[in-house]
Amino acid sequence: MFSGQDLSPIDLINVKQFAQRVMDLAEYRKKLYDYLVTKMSDIAPNLAALIGEVVGARLISHAGSLTNLAKCPSSTLQILGAEKALFRALKTRGNTPKYGLIFHSSFIGRASARNKGRMARYLANKCSMASRIDCFLDQNTTSFGDKLREQVEERLEFYDKGVAPRKNIDVMKSALEIVQNKDTEMEVEKAPIEASVKKSKKKKSKAEAAEDSDVMEEDKPSAATNGDASEEPKSGKKKKKEKRRMEQESEPEQDQAVENGNGVKGLNADGGSVKKKKKSKDEDKEDLPAASEGKKKKKKSRSTDED
């Protein structure tokens, strides 16, 4: 295809497809970057505020997790991603690398060639602090990352112009004050919302109570019609209870009467038993002489046998 020549239909189709793919890739990259920003704001907001979402995500990916990155010292974080250059330098006894993935940060590019190593060391120190704050802090805040970024900016000015930066203690105190103020503001904002929620709940409960009372009033006539049927079993229960009480009261009187009757019968029974005992004794006496006579006869028969 020569310059100035008209495009053939096939070439035009290929050019359109290529342009569409480039546009799709650009949209996909934008969506992916938006996803990365939202994800980093949830996982490591302070690290993202300090060094950027892309570089922070690369550091976390290379370390394996945010916890592993928080465990790394600042010297390891400084050369993270330059392991090959480090081992090559140790083998050949050359100069070790000054920075790894952290080199992609804008702070390293803004520093002069003489101060790049110093800036990389300082930035790695602040990144290590930010990763530990994100890993072990319960609140999701970017106040610490913003203050650490301000410190890095002040360090750049110190290297270029000689302006003395603030101390780390003062910066961290101001960051803590900001976090506490945000907490108090959130509590103040939540208080009226909670009060309105409680009021709405009370109104709902009152409305439900009114509805229940209306339903009860509607059910009253039906309950009145069924009143006779409900009273009958109640009266039957009362009668049963009265019968039980009467029986319990009559039981002691019956026991007394039975005891009195048993006393008289016992006497008669004793008398009868005495008579029976006497008869048995007389019968025993009659049996004794008969037995003695039988013994005498046996003795006589034995004596006659012996003779």
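The present account deals with the structure reproduced in this document.

Cut-offs applied
- Residues numbered from 1 in each chain as written.
- Predicted model: local features only at pLDDT ≥ 70, side-chain atom pairs only at ≥ 80, totals over all residues.
- Heavy atoms only, no water.
- Helix = DSSP H or I, 4+ residues; strand = E, 2+ residues; numbered from the N terminus.
- Axes fitted to C-alpha atoms, helices over the stretch in contact; angles between N-to-C directions.
- Parallel < 35°, antiparallel > 145°, perpendicular 65-115°, else oblique.
- Left-handed = near helix turned anticlockwise from the far one by under 90°.
- Contact = heavy atoms within 4.5 Å.
- 1 Å grid on protein atoms, 1.4 Å probe; cavity = no way out; pocket = protein on both sides within 12 Å on 5 of 7 lines; lining within 4 Å.
- Points joined across faces, edges and corners; volume = space filled by probe spheres on them.
- Nonpolar A, V, L, I, M, F, W, Y, C, P; charged D, E, K, R; others polar.
- Patch = residues over 30% accessible without salt bridge, like charges linked within 9 Å, V, L, I, M, F, W, Y side chains within 5 Å.
- Areas by Shrake-Rupley, 256 points an atom, 1.4 Å probe, with all protein chains shown as cover.
- Salt bridge = Lys/Arg side-chain N within 4 Å of Asp/Glu carboxyl O.
- Lys, Arg positive; Asp, Glu negative; His and termini not counted.
- Charge placed at Lys NZ, Arg CZ, Asp CG, Glu CD.
- Buried < 20%, exposed > 50% of the residue type's maximum accessible area, 1.4 Å probe, protein only.

## Concerning unusual backbone geometry
Turning to step 1, where the next piece is worked out: Its identity as a non-glycine residue notwithstanding, R93 has a phi of 60 degrees, on the positive side.
Turning to step 2, where the next piece is worked out: In this fold, R93 is placed in the loop between α6 (83–92) and α7 (106–110).

## Side note on the packing of helix α1 (residues 9–43) against helix α3 (residues 53–63)
Pairs of packed helices are described in terms of their axes, by the angle between the two and the distance that separates them.
Turning to step 1, where the next piece is worked out: At a closest axis distance of 10 Å, the pairing of α1 and α3 adopts a crossing angle of 70 degrees. As the angle between them shows, α1 and α3 are arranged roughly perpendicular. Here α1 runs over α3; the crossing is left-handed. Every residue of α3 that contacts α1 at Y33, L36, V37 and M40 is listed here: E53, V54, G56, A57 and I60.

## Thoughts on the layout of surface pockets
Turning to step 1, where the next piece is worked out: In this model, the largest pocket occupies a volume close to 310 Å³.
Turning to step 2, where the next piece is worked out: Lining of the largest pocket is provided by R29, L32, Y33, Y35, L36, K39, M40, I43, V54, A57 and I60.
Turning to step 3, where the next piece is worked out: When residues of the lining of the largest pocket are traced back to their parent elements, those giving at least two are α1 and α3.
Turning to step 4, where the next piece is worked out: Its residues placed into classes, the lining of the largest pocket shows 9 nonpolar, no polar and 2 charged.

## With respect to a positive patch on the surface
Turning to step 1, where the next piece is worked out: Together, K239, K240, K241, K243, R244 and R245 make up a positively charged patch on the protein surface.
Turning to step 2, where the next piece is worked out: Looking at where K243 falls in the secondary structure, it is placed in helix α11 (residues 227–306).
Turning to step 3, where the next piece is worked out: We classify K243 as exposed; its relative accessible area is 58%.

## A look at the side chain of K147
Turning to step 1, where the next piece is worked out: Mapped onto the elements of the fold, K147 is located in helix α9 (residues 143–161).
Turning to step 2, where the next piece is worked out: Given a relative accessible area of 14%, K147 falls into the buried group.
Turning to step 3, where the next piece is worked out: In this structure K147 touches V171, S174, A175 and I178, once residues within four positions along its chain are discounted.

## Things to note about the packing of helix α8 (residues 116–136) against α9
Turning to step 1, where the next piece is worked out: Running from amino to carboxyl end, α8 crosses α9 at an angle of 170 degrees, the nearest separation of the two axes being 10 Å. In terms of their interaxial angle, α8 and α9 are classed as roughly antiparallel. In this structure, α8 contributes R118, M119, Y122, L123, K126, M129, A130 and I133 to the contact, and α9 contributes F144, L148, Q151, V152, R155, L156 and Y159.

## As for a nonpolar patch on the surface
Turning to step 1, where the next piece is worked out: A cluster of nonpolar side chains, namely Y28, L32 and Y35, defines an oily patch on the protein surface of about 350 Å² accessible area.
Turning to step 2, where the next piece is worked out: For Y28, the position within the fold is in helix α1.

## Regarding the pattern of salt bridges
Turning to step 1, where the next piece is worked out: All chains considered together, the criterion is met by 4 salt bridges.
Turning to step 2, where the next piece is worked out: With its nearest N and O atoms 2.9 Å apart, the salt bridge here joins R166 to E154. Pair noted here: R166 is in the loop between α9 and α10 (168–225) and E154 is in helix α9, with a separation of 12 residues, a long-range link.
Turning to step 3, where the next piece is worked out: For E154, a relative accessible area of 18% puts it in the buried group.
Turning to step 4, where the next piece is worked out: One network of salt bridges, with partners in common, ties together K147, E150, E154 and R166.

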